[in-house]
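# Coordinate inspection notes
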Amino acid sequence: MFYFWIFYGYILIWARILHAAPRSQVSVSSSAAASVKYPPPGSGGSPQAYISSLSSAKADPKIPVTVNDGAAEIQPKLTWAYVASDEAYGPEEWHKIAPQCAGVNQSPINIISEKAVLKPLENPLALTFGNEQVAGKLINNGKTIGFNVANPSVSMAGGVFGPDKYVLRQFHLHFGCNGKKGSEHTLNGEKFDGELHLVFQNAKYGDSKVAMQQKDGLAILAFFLMANPGADPNPAFQRIAAKLGSVQMPKQQVEMDGGLSLKNLVPALKEGIRNLRRFVYKGSLPTPPCYESVTWVIFKRPVNLVPERFVQLRGIYRGGMQPLCGNNRPLQKLNNRELFLFEPAPKPTTPKPTTRPSTTAGRSTTGAPATAAAGSTTGAPTGGGSSTGAPTGGGSSTGAPTDTGAPPAADAAPPPADGDPPPPPDDAAPPADEVAAPPPEES
Ligand SMILES: [Zn+2]
């Protein structure tokens, strides 16, 4: 009797299995897995993808396939790129994997100076350097060449950021495959050869993944990069160039021995950032997931680099021996957003014949009142700034005097005195197709 029940149970189980198996699962052969059949030319049919089983299709929620006798809808692409391909969505379709990319507060934008709301420079916007040399790794993530900061030794507070403290997480580069096509933002229609993004995270959000989804989660300081045969050597970019051979292919990374000096990278920082002319607007990560969580600060004065640097960068690959260059997203609409231009306060009516030093002095004084006028914003930061650890020292930046008085930079041959805009070559051409860039601004 015992054996009978065992046998009976065995029969029942098999009957159940055979009955439950849908025909579609059975009819799909494993040899057809992942194959795609294309319709005859001119037939008007659409390609069909074949998958091996229903269960494997369900395993990935991003693939809403419907199994119909083995034929499935063609699989959606699972990644993005600056140029569309069979595997990746191009910029116009990024929203298919990241809905926020279709938002109305996206980046980058064309900055039109005339449309910017003029503001006095806010005195206390300051960078604080806990350590002059920023430790970290140079990384090719297939979308950009970036430098991931090992510890939060550089922070920013003040200005439009109020008392919040933002810490530098990484910086990275956007550049074109040929001249004048590499920047993400444009200035009055002009594109630059490249753009440097310093990505800061609001310290009040401990986790950068949380921060990147908050309205005040991220701040990006952006500097245009300009090829200039007469540029002074930029020691930081020289060191990056020397390491490029180690990150030529995606996913490669290399330690930057001894760290990198941000002030060498962006010589204008030696003067402190408070008095640099800059545009500010609220935008997004310019790469999927395109979260609208970025306060953009874009400086007028570009960083000049010898053209050879761009040639070297163009030797980097994003995979499949495709060059990484052209990692800039097409321009997005400003829509109803405000764009601000922070400039030095108008000079006193009786111009002084003196030059730089007194100008500086004048500015800091004008800055102070502005502070008072601007009220809480600027006032608070001062405190915030100092609390950031300004005192710690390396910080030439926080203290007003130190800031501007800082090593007067015999360096970088940037344009005139004070962040004057670069000579804008007439390049009103809108961005091309090439375009396209987050780490994700991964932070
Ligand atoms: Zn970027």
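Residues numbered from 1 in each chain as written. Predicted model: local features only at pLDDT ≥ 70, side-chain atom pairs only at ≥ 80, totals over all residues.

For the rest of this paragraph, the subject is the overall build of the protein chain. When helices and strands are counted, the protein chain shows 10 helices and 23 strands. Burial statistics for the protein chain: of 443 residues in total, 43% are counted as buried. (Helix = DSSP H or I, 4+ residues; strand = E, 2+ residues; numbered from the N terminus. Buried ≥ 20, exposed ≤ 12 C-beta atoms within 10 Å, placed from the backbone.)

Let's shift gears to helix 5 (residues 235–243). For helix 5, the complete set of buried residues consists of Ala236, Phe237 and Ile240. Projected onto a plane normal to the axis of helix 5, the buried residues spread over an arc of 95 degrees and lie on a single side. (Arc of directions from axis to C-beta.)

A cis amide bond links Ser107 with the next residue in sequence, Pro108, at an omega value of 0 degrees. When you line up the elements, Pro108 lands in the loop between strand 5 (88–89) and strand 6 (110–111). Residue Cys290 is not a glycine yet carries a positive backbone phi of 60 degrees. Locating Cys290 in the fold gives a position in the loop between strand 19 (278–283) and strand 20 (294–305). C-beta crowding within 10 Å serves as the criterion here: with 29 such atoms nearby, Cys290 is assigned to the buried category.

Let's shift gears to the nonpolar core. Membership of the largest hydrophobic core comes to 82 residues, with the highest contact counts inside it found for Phe200, Ala219, Ile220, Ala222, Phe223 and Leu225. Apart from the residues lying within four places of it in its own chain, the contact partners of Ala222 are His185, Glu195, Leu196, His197, Trp296, Val297, Ile298 and Phe299. (Core = buried A, V, L, I, M, F, W, Y, C linked by C-beta atoms within 7 Å. Contact = placed C-beta atoms within 7 Å.)

What follows is about the pairing of strand 19. Of all 6 residues that make up strand 19, 5 are buried, and the element is covered over most of its length. Note that strand 19 and strand 20 share 6 bridges and pair antiparallel. Note on strand 20: the bridge partner recorded for Tyr281 is Trp296. Sheet analysis places strand 19 next to strand 23 (residues 340–343), joined by 3 bridges and oriented antiparallel. Bridging from a neighbouring strand, Phe279 pairs with Leu341 of strand 23. (Pairing = 2+ DSSP bridges.)

This part takes up the environment of Ala203. Checked against the element boundaries, Ala203 lands in the loop between strand 15 (194–202) and helix 4 (208–211). Classification of Ala203 by C-beta neighbours within 10 Å gives partly exposed; the count is 16. Distance from Ala203 to Tyr166, taken between C-alpha atoms, is 5.3 Å for residues 37 residues apart in sequence. Beyond its immediate stretch of four places on either side in the chain, Ala203 contacts Lys165, Tyr166 and Val167.

Here we come to the confidence of the model for the protein chain. Per-residue pLDDT for the protein chain averages 72, and the proportion of residues at 70 or more is 60%. Low pLDDT, under 50, characterises residues 48–72; the stretch is placed with 55 contacts to residues that sit more than four places away or in other chains. pLDDT under 50 marks residues 355–443. Its contacts with residues more than four places away, or in other chains, come to 186 contacts. (pLDDT = per-residue confidence, 0-100.)

Here Lys243 lies in helix 5. Lys243 sits in the partly exposed class, given 17 other C-beta atoms within 10 Å. Apart from the residues lying within four places of it in its own chain, the contact partners of Lys243 are Leu138, Val254 and Met256.

Following the sequence through the fold, Gly136 ends up in strand 10 (residues 136–140). Separated by 122 residues in sequence, Gly136 and Gly258 place their C-alpha atoms 8.9 Å apart. Residue contacts for Gly136: discarding those within four places in its chain leaves Phe147, Asn148, Val149, Ala150 and Met256.

Moving on to the pairing of strand 12 (residues 154–157). Going residue by residue along strand 12, you find Val154 and Met156 tucked away on one face and Ser155 and Ala157 tucked away on the opposite face as well. One ladder, built from 4 bridges, connects strand 8 (residues 126–129) with strand 12; its direction is antiparallel. Bridging from a neighbouring strand, Thr128 pairs with Ser155 of strand 12. The pairing of strand 12 with strand 13 (residues 166–175) spans 2 bridges and is classified as antiparallel.

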